[in-house]
Amino acid sequence: MYFKKEFQYKGQMIAWIIADIIKIIGLCFIWLMSAKVNGNVEQGYVVTYYILIMLVSKLTSDYTVEHGVRNILSGKFSNFLLKPCNYLLEYLGINIGSNTLRVGLFLPAFILGIIIGLKNNLWIMNLNIFSIMLGLVGIVIGFLISFFVGNIISLMAIKIKEMDSIRIFFYNIASLLSGEFIPLVFLSGFIARTFKLLPFRYTLSFPVELFIGKIEKKEILLGFLIAIIWLFVLFITYKIIYKKAIEKYEAEGI
Amino acid sequence: MKQKESKKHSKKTFCYYFRVWKQVVKGGIKRSYLYKTDIFVRFLRTLLVVGIQIALLNVLFGKSEMYAGWSRSQTYLVIGIWNVLNYIGWSLFSTNLLYLESKVIEGKFDYILLKPLSSSFYASFSDFFITNFITAISGFILIFYYIIAEWGSISFLNVLVGIVAICVALLIWYAIYLFFASFTISNPRNGILSIAKELLGLTKYPIDVFGSSLSVVFYTAIPIAFLTTVPANIMIGRFSYGFVLVGLVIGIILLVISKLVWNMNVKRYSSASS
């Protein structure tokens, strides 16, 4: 259903592809310059990181913070509650459909990025099956973390009616801590440790690090352990908040 | 005589439009009393935006003193100007133009066309979003940081002309947004504003980052260098004041083109309600 709906607007898809290409070129230039002036990080790593970040972000994104909040504020959330299956399943379907579509649309830019990277010796990812498998597992965990964080935030709409600022504030925090703005290799000491302890890294930077393969085995194990603990914590938190929030839900429909 | 009349008329029109916009701003401010949490979160976000950008620049610079020929405080200035343009843009027109799509789909654009105002004006300035205006403070903080950091070497005149250049940049920003948004009227859900967003996002950093060949493109064919790099260079004292005039001419040309494209798309508009 989602695909059919989205495919009505082909122009929008082309525009998204162009926007992705502009973004990827911009990010590569900015971090390449940084790698050039600092000389502390391999330029190839930066370019590969950003090309992969764009791909992984399409796979681990969660849109519940947008449509979930809208459903609560408009009162449509009641329809989901009346259905014979858990509303999370439908939300999951919307997210997976949306992400699959976005990945498909991003592929031309992704391939272009790899070709440019390879031609300039800036693509450093090896086609290692083990790294790819680990990366894919990382993506699944990352997506689920994003999904539960998104659902927890969207439940806030039951109490707070003006959610725009909170939503944008959340996006800013998540983008900063996930490694979208700053690759983790540029950080050190306490800041790097904090980034590793919070859940956001596992929604973006960690799967990319796994794909690139320049991560130690100890770091991989520790990363997965932290990610799974976060997934469990977020699921329990979601359950508790949902139980309390649903008692206050009034389906007013603003 | 005719010329005098036309001047008088345009003055009246300008005053009329200004009065309409003043009411819109008043409405926007009044609405902010309703959503106090929103305002509070916006203030927090302003601090977060500044924090993120400073952290990001520190990482970009690393141990180096210069980045693409720009010092740390000069880069703060560029990002500050970008924040001012971006968030003031969101509070004045960008959000309205973003909502244009839903208005066209729901058939509400008919009401815009029926108003005794220019449709592009009303579609762009029909609401004022004070929350975005608050986030623009992050830009002023970074610009003030530059002024304080370079207090000894800064020229007051350069700062004043730089402010004029920022106003010109806002005009160019608006023209670019209006150009891209106008296609929504004849073809809604085209996603074209996402291109504008990414294109304008490139100006968050000095244009010199993109190398000499792309820089030429950004000064000529796609003149986004006039948004942040040129005003910053004028404030620093690297560029002559003539660049403001060039920017103004570019802004006016872009605005005229945007208006023509807008009118062209209005002609192709078919109301959803008909």
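Rules and cut-offs
- Residues numbered from 1 in each chain as written.
- Chains lettered and ligands numbered in written order.
- Predicted model: local features only at pLDDT ≥ 70, side-chain atom pairs only at ≥ 80, totals over all residues.
- Helix = DSSP H or I, 4+ residues; strand = E, 2+ residues; numbered from the N terminus.
- Rg over C-alpha atoms; globule rule 2.2 N^0.38 Å.
- Buried ≥ 20, exposed ≤ 12 C-beta atoms within 10 Å, placed from the backbone.
- Contact = placed C-beta atoms within 7 Å.
- Axes fitted to C-alpha atoms, helices over the stretch in contact; angles between N-to-C directions.
- Parallel < 35°, antiparallel > 145°, perpendicular 65-115°, else oblique.
- Left-handed = near helix turned anticlockwise from the far one by under 90°.
- Nonpolar A, V, L, I, M, F, W, Y, C, P; charged D, E, K, R; others polar.
- Core = buried A, V, L, I, M, F, W, Y, C linked by C-beta atoms within 7 Å.

So, the overall build of chain B
Counting its secondary structure elements, chain B contains twelve helices and two strands. Shown N-terminal to C-terminal, the secondary structure of chain B runs as helices and strands in the order α-α-β-β-α-α-α-α-α-α-α-α-α-α. Over its C-alpha trace chain B gives a radius of gyration of 20 Å, about what one expects of a compact globule, namely 19 Å for 274 residues. Taking the principal axes of the C-alpha coordinates as reference, chain B spans close to 65 × 50 × 35 Å. A total of 274 residues make up chain B; the buried ones form 42% of that total. Of the contacts formed within chain B by residues at least 6 apart in sequence, a portion of 81% connects residues at least 24 apart.

Let's talk about the overall build of chain A
The helix and strand tally for chain A stands at eleven helices and zero strands. Reading chain A from its N end, one meets helices and strands in the order α-α-α-α-α-α-α-α-α-α-α. Compactness check: chain A gives a C-alpha radius of gyration of 19 Å against a globular reference of 18 Å for 254 residues, within 12% of the reference. A principal-axis box enclosing the C-alpha atoms of chain A has dimensions of 55 × 45 × 35 Å. Within chain A, the proportion of its 254 residues that are buried is 38%.

Comments concerning the packing of helix 3 (residues 72-105) of chain B against helix 8 (residues 156-186) of chain B
Residue and element names in this part refer to chain B. Contact geometry for helix 3 and helix 8: axes closest at 10 Å, N-to-C directions at 20°. One way to sum up the angle between helix 3 and helix 8 is to call them roughly parallel. Handedness of the crossing formed by helix 3 with helix 8: right-handed. In this structure, helix 3 uses I81, V84, L85, I88, G89, F93, S94, L97, L100, E101 and V104 to contact helix 8, whose residues at the interface are I166, A169, L170, W173, Y174, Y177, L178, A181, T184 and I185. Its residues placed into classes, the contact of helix 3 with helix 8 shows 17 nonpolar, three polar and one charged.

Re the interface of chain A and chain B
Counting from both sides, the interface comprises 29 residues of chain A and, opposite them, 35 residues of chain B. Sorting the residues of the side of chain A that touches chain B by element identifies helix 2 (10-38) and helix 8 (164-178) of chain A as the ones contributing at least two each. Considering each element in turn, the side of chain A that touches chain B owes the most residues, 15 residues, to helix 2 of chain A. Residue composition of the side of chain A that touches chain B, grouped by class: 18 nonpolar, eight polar and three charged.

Topic: the packing of helix 4 (residues 64-74) of chain A against helix 7 (residues 129-155) of chain A
Axis angle and axis distance: for two packed helices, these are the angle between their axes and the distance between the axes, and together they describe the pair. Residues and elements named next belong to chain A. Contact pair helix 4 / helix 7: the axes reach a minimum separation of 9 Å and the direction vectors enclose 30°. Here helix 7 runs roughly parallel to helix 4, going by the angle between their axes. The handedness of the crossing between helix 4 and helix 7 comes out as right-handed. For the pair helix 4 and helix 7, contact is made by T64, V65, G68, V69 and I72 and by F147, G150, N151, I153 and S154, respectively.

Brief notes about helix 9 (residues 192-201) of chain B
Since there are 3.6 residues in each turn of an α-helix, residues three or four apart along the chain are aligned in direction. Here helix 9 of chain B lies mainly inside the structure; seven of its ten residues are buried. Those residues of helix 9 of chain B not exposed but buried are I192, L193, I195, A196, E198, L199 and L200 of chain B. Elements in contact with the buried residues of helix 9 of chain B: helix 2 of chain A together with helix 3 and helix 8 of chain B.

Some thoughts on the nonpolar core
Counting 131 residues, the largest nonpolar core has Y50 of chain A together with I172 and Y177 of chain B as its most contacted members. Setting aside chain neighbours within four positions, we find I172 of chain B in contact with P223, F226, L227, G247, I250, G251 and L254 of chain B.

Section: unusual backbone geometry
Trans peptide bonds make up the majority, and among non-glycine residues the majority have a negative phi. All names here are of chain B. The phi angle at A68 is positive, at roughly 50°, despite the residue not being glycine. With respect to the helices and strands, A68 occurs in the loop between strand 1 (66-67) and strand 2 (70-71). Overall, A68 belongs to the buried group, with 20 C-beta atoms counted inside 10 Å. Non-glycine residue R189 carries a positive phi angle of around 55°.

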